[in-house]
Amino acid sequence: MKKKVLIRASGIQPLKRNSYRSGIPRSNVELIKAMIAQNDQEIDLLIYCPSFNNPLYHCQNWPIEHYWYGLPGKKYRCKLEPWWREHIMGKHDLVHLTENADYFGEKERFVITIHDTNMMDRSKYEEDLFIKCGKYSKGIITCSEYSKADIIERLGVPEHKVTSVYWGISKEIFYPQPKETVMRIKQKYGISSDYFFACSCKDKRKNADVILEAFDLFAKTNTSTQLIMSIGNPNKEYVEKYKNLLSEKRLIFLPFVTDEELAALYTGALASLLVSSLEGFGFPILESMACGTNCICCKNSSMEEIGSDKAFFVKLRDVDDLASAYHHFVREGKGNVQELVEYAGHFTWEETAKKYLDFYKCHIL
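We now turn to the structure provided with this report. (Residues numbered from 1 in each chain as written. Predicted model: local features only at pLDDT ≥ 70, side-chain atom pairs only at ≥ 80, totals over all residues. Heavy atoms only, no water.)

1. Considerations on a nonpolar patch on the surface
Taken together, L80, W83 and I88 make up a surface patch of nonpolar side chains, about 280 Å² in accessible area. By the secondary structure assignment, L80 is in helix α2 (residues 74-87). Looking at L80, the relative accessible area reads 37%, which means it is partly exposed. (Patch = residues over 30% accessible without salt bridge, like charges linked within 9 Å, V, L, I, M, F, W, Y side chains within 5 Å. Areas by Shrake-Rupley, 256 points an atom, 1.4 Å probe, with all protein chains shown as cover. Salt bridge = Lys/Arg side-chain N within 4 Å of Asp/Glu carboxyl O. Helix = DSSP H or I, 4+ residues; strand = E, 2+ residues; numbered from the N terminus. Buried < 20%, exposed > 50% of the residue type's maximum accessible area, 1.4 Å probe, protein only.)

2. Describing the packing of helix α10 (residues 283-290) against helix α13 (residues 337-344)
Here α10 crosses α13 at 130 degrees, and the two axes come no closer than 7 Å. When the axis of α10 is compared with that of α13, the two are oblique. Between α10 and α13 lies a crossing whose hand is left-handed. Contacts between α10 and α13 involve L286, M289 and A290 from the former and L340, V341, Y343 and A344 from the latter. Tallied by class, the residues present in the contact of α10 with α13 amount to 7 nonpolar, no polar and no charged. (Axes fitted to C-alpha atoms, helices over the stretch in contact; angles between N-to-C directions. Parallel < 35°, antiparallel > 145°, perpendicular 65-115°, else oblique. Left-handed = near helix turned anticlockwise from the far one by under 90°. Contact = heavy atoms within 4.5 Å. Nonpolar A, V, L, I, M, F, W, Y, C, P; charged D, E, K, R; others polar.)

3. Here's the deal with the side chain of S193
As for its placement among the helices and strands, S193 is situated in the loop between α5 (179-189) and β8 (195-198). Residues within four places of S193 in sequence aside, it is in contact with K186, S224, T225 and Q226.

Pasting the structure below:
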């Protein structure tokens, strides 16, 4: 008889207009789709979507048993969500929690995906929840060797309890876009020359201030290249400080863009940017490479591991070094597009799904 795994599928609601699917939602959508495609003969997947405002979600069109959980707020979730899973969501043998740390029942058999340990630094409450998840879970799965080592150290769990499996990159979304598509998106957003592109720059650890300061320095000797940042609602301080660059269209702040626009913006850029202080995996590095564009990033956390010898590395929070990187790409161009595409192509959701299903089987009894 097949064993049933119930997955807390956060973020699988349909995207709103002009919105970008961030790391955890993207990994959930792509992983579940890939596991369904495996048609495993030992595992049945059940999923539920915790969304109070929007009961519509992708899996309504998937050949899979699914539920919608609409209870609002952490105040209620900590007790009622485990009860909901036990009494409402059908019989299952294992629960998969997908968001770093979450609530679980005393008798629940569960595994958890921990993307990184960043949330442990936010509050004592979240740190305690992380530690409890690490202690009581049957297994922990993460997305890089860096995150695995960090989890073992900070949660104090044994090495055998933590499995590392790389995420994949969707070839249906991220590939070098046709020139016509790139031109259409550039015209839509007022991009008129060569440009650098950053899509992951909202959180403080993404170091948007360094990206901007370095570009301001670079722009003193470069009179045409633009910086495009998909940042949602930009910090008012940035708008005021860089108002001259904004008025000249040298700097353009975009809302969160659709996947089609994201791929086109990657494709057309001289280079993309992910100069973060910490990444559990770093989707933008490989998304950009899959579109034929290198990524400027830093040699910390998982980024050196994921970028390997293909990414262009700069020193963390070093304005001069990043400004020099801008000049490098203006001078040298994009580099070997095909080599970047081939490298990113090694990260497939098919392989990720196979390893997740094996992980479930190891922890289901």
